[in-house]
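Report on the structure
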Amino acid sequence: MARWIFLFIELSTALSHVSLVPSTLKAKGFAEGAHQFELADAPTARALSRKPALAIWGMADQTLQPEHFIPLFSEAFPNGTTHRLEGVGHYSHEDAPEEVAKLIDEFLQKT
């Protein structure tokens, strides 16, 4: 649990200077891919590029559609790892709990 908390804090700290949620859009805009994100300034982009990051994405996610959000994750975390889970929806931890737990454990062991 402590590693999870640390990982979340590290990610939150890395993103503290990046506005990933535009104030003018509602959640519906995100689901439809009608989102616009601010680019990180150079110091923030460098900090993010050095942070370990993991994305586990359900490819059947109809809420945060992978075709829109995986590229954004990859841009923010160029050295991050992305796992695409076929047939898995928005709640990947419920749809594929063993696979998600294994991927998280492997990531934590490497970082």
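Not measured: the values here are computed from a predicted model. (Residues numbered from 1 in each chain as written. Predicted model: local features only at pLDDT ≥ 70, side-chain atom pairs only at ≥ 80, totals over all residues. Heavy atoms only, no water.)

**Side note on the overall build of the chain**
Per the secondary structure count, the chain includes 6 helices and 2 strands. Secondary structure elements of the chain occur, N-terminal to C-terminal, as α-α-α-β-α-β-α-α. When contacts within the chain are restricted to residue pairs at least 6 apart in sequence, long-range pairs at least 24 apart make up 64% of them. Accessible area for the chain stands at about 7500 Å²; split by element, carbon and sulfur atoms hold 58% of it. (Helix = DSSP H or I, 4+ residues; strand = E, 2+ residues; numbered from the N terminus. Contact = heavy atoms within 4.5 Å. Areas by Shrake-Rupley, 256 points an atom, 1.4 Å probe, with all protein chains shown as cover.)

**Quick notes on the pairing of strand β2 (residues 81–85)**
As paired elements, strand β1 (residues 54–58) and β2 share 5 bridges and run parallel to each other. Looking at the pairing, A55 lines up with T82 of β2. Viewed along the sheet, the connection from β1 through helix α4 (residues 66–76) into β2 turns out right-handed. (Pairing = 2+ DSSP bridges. Right-handed = clockwise from strand over helix to strand, strands pointing away.)

**Description of the pattern of salt bridges**
Within the structure shown, the criterion is met by 1 salt bridge. For E106, the salt bridge is made with K102, and the minimal N-O distance between the two is 3.5 Å. Linking E106 with K102, this pair stays in helix α6 (residues 97–110), spanning 4 residues, or about one helical turn. A relative accessible area of 33% places E106 in the partly exposed class. Using a relative accessible area of 52% as the deciding quantity, one classes K102 as exposed. (Salt bridge = Lys/Arg side-chain N within 4 Å of Asp/Glu carboxyl O. Buried < 20%, exposed > 50% of the residue type's maximum accessible area, 1.4 Å probe, protein only.)

**Here we look at the packing of aromatic side chains**
All told, the structure shown has 2 aromatic pairs when counted by the stated rule. On the numbers, 6.2 Å between centres and 10 degrees between planes, the contact of W57 with F69 is stacked. Here W57, found in strand β1, pairs with F69, found in helix α4; they are 12 residues apart in sequence, far enough to count as distant. Assigned by exposure class, W57 and F69 land together as buried. Relative to F77, the ring of F73 lies with its centre 5.3 Å away and its plane at 35 degrees, an arrangement referred to as tilted. Residue class for F77 comes out buried when judged on its relative accessible area of 6%. (Phe/Tyr/Trp six-rings, centres within 6.5 Å; stacked < 30°, edge-to-face > 60°.)

**A word on the environment of K110**
For K110, the position within the fold is in helix α6. Among the residues examined, K110 registers a relative accessible area of 73% and is labelled exposed. Linking K110 and P52, residues 58 residues apart in sequence, is a C-alpha distance of 9.3 Å.

**Structural notes on α4**
Those residues of α4 that fall on the buried side of the exposure criterion are P66, F69, I70, F73 and A76. Taken end-on, α4 shows its buried residues confined to a sector of 130 degrees, consistent with a single buried face. Facing away from the buried surface of α4 by more than 90 degrees, the exposed residues are E67 and E75. (Arc of directions from axis to C-beta.)

**As for the confidence of the model for the chain**
In the predicted model, the chain carries a mean pLDDT of 75, and the fraction of residues at 70 or more is 65%. Confidence drops under pLDDT 50 across residues 1–28; counting only partners more than four residues distant or on other chains, this segment forms 31 contacts. (pLDDT = per-residue confidence, 0-100.)

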